[in-house]
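Chain residues, written in single-letter form:
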Amino acid sequence: CDGIVCRNLMELGLPLSTDGIDVCGSRNILIEDCLIKCNDDCVVLKALPHRYATIDWRRDVEHVVVRRCIFSTIRNGCTFEIGHELGTDSVRDILFEDCDVLNVNGFGSVFSIQNTDHAHVRDVLYRKIRIEHCFEKLLNLRVMDSRFSHERAKGKVSGIRFESIEWTTFSYNLGYTVSIIGGLDEEHKVEDVTFEDFRI
């Protein structure tokens, strides 16, 4: 798609693997003023090969804005997910802004870039995000192999910025909740990650 607005959507998905909104191979997307509670990723950006879809979604993902939304995950998935499937050259110019994360339960994370294919993920800004509860992972930025990989070639992640982030913890987070930033090797890195006014 190109030039889509998704506004004032309430979505409640209880079964396993109920993603909220999947932005696949699309550009110029605006998602705003939505309430999404699901049992997988709330908003996910992907570029999928046709073997998993009726059409080939391996196209660059660019100019995506997600703002003024409320999110909740039940047992699985991430709030803001880029990946796993990124079989395109570029994922760039992404803004997540002024959102409330009520909870991320299970094995997911709030902020997630899991690049398992050859894309270069860059110029991603998370700004004014309030997190009420997350459990296993707060942040997960990785270039990696996984069961969701479609290519042997791997990409990289760069130019990621966090501004005005607030996370409220409680006693069960101590010693359990982690954040991960990791490249695959010297050529496939996660680099140029900036934190400004990031409060725990």
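In what follows, the accompanying structure is described.

**Considering the pattern of salt bridges**
Here the idea is simple: oppositely charged side chains can pair when their charged atoms come close. Under the definition given, this model contains 18 salt bridges. Ionic pairing is found between Arg-127 and Glu-97, a salt bridge with its closest N-O pair at 2.8 Å. Taken as a pair, Arg-127 in strand β12 (residues 120-131) and Glu-97 in strand β10 (residues 90-104) lie far apart in primary sequence, 30 residues in all. Residue Asp-197 pairs with Arg-199 through a salt bridge whose shortest N-O separation is 2.7 Å. In the salt-bridge network here, residues are joined through shared partners; they are Arg-7, Glu-32, Asp-33, Arg-67 and Arg-68.

**A few points about the sheet that holds strand β3 (residues 21-24)**
The strand order across the open sheet built from six strands is β3-β6-β9-β11-β13-β15, with neighbouring strands paired in parallel fashion. Strands at the two margins of the open sheet, each flanked by one partner only, are β3 and β15 (178-182). Geometrically, the sheet is characterised by an average inter-axis angle of 15 degrees between neighbouring strands, direction not taken into account. The pairing of strand β9 (residues 80-86) with strand β11 (residues 109-115) spans five bridges and is parallel. Counterpart to Glu-81 in the pairing with β11 is Ser-112.

**Considerations on the layout of surface pockets**
The calculated volume of the largest pocket comes to roughly 530 Å³. Lining of the largest pocket is provided by 24 residues; of these, Asp-40, His-84, Phe-107, Arg-147 and Phe-148 occupy positions nearest its centre. Of all the elements in the fold, those that place two or more residues in the lining of the largest pocket are β9, β11 and β13 (137-143). Ranked by residue count, the leading element in the lining of the largest pocket is β9, at four residues. Residues that form the lining of the largest pocket fall into these classes: five nonpolar, ten polar and nine charged. Of all the secondary-structure elements, those providing two or more residues to the lining of the second largest pocket are β1 (2-7), β3 and β4 (27-32). Tallied by class, the residues present in the lining of the second largest pocket amount to ten nonpolar, two polar and three charged.

Scoring rules and cut-offs
Residues numbered from 1 in each chain as written. Predicted model: local features only at pLDDT ≥ 70, side-chain atom pairs only at ≥ 80, totals over all residues. Heavy atoms only, no water. Salt bridge = Lys/Arg side-chain N within 4 Å of Asp/Glu carboxyl O. Helix = DSSP H or I, 4+ residues; strand = E, 2+ residues; numbered from the N terminus. Pairing = 2+ DSSP bridges. Axes fitted to C-alpha atoms, helices over the stretch in contact; angles between N-to-C directions. 1 Å grid on protein atoms, 1.4 Å probe; cavity = no way out; pocket = protein on both sides within 12 Å on 5 of 7 lines; lining within 4 Å. Points joined across faces, edges and corners; volume = space filled by probe spheres on them. Nonpolar A, V, L, I, M, F, W, Y, C, P; charged D, E, K, R; others polar.

Geometry only, nothing functional implied.
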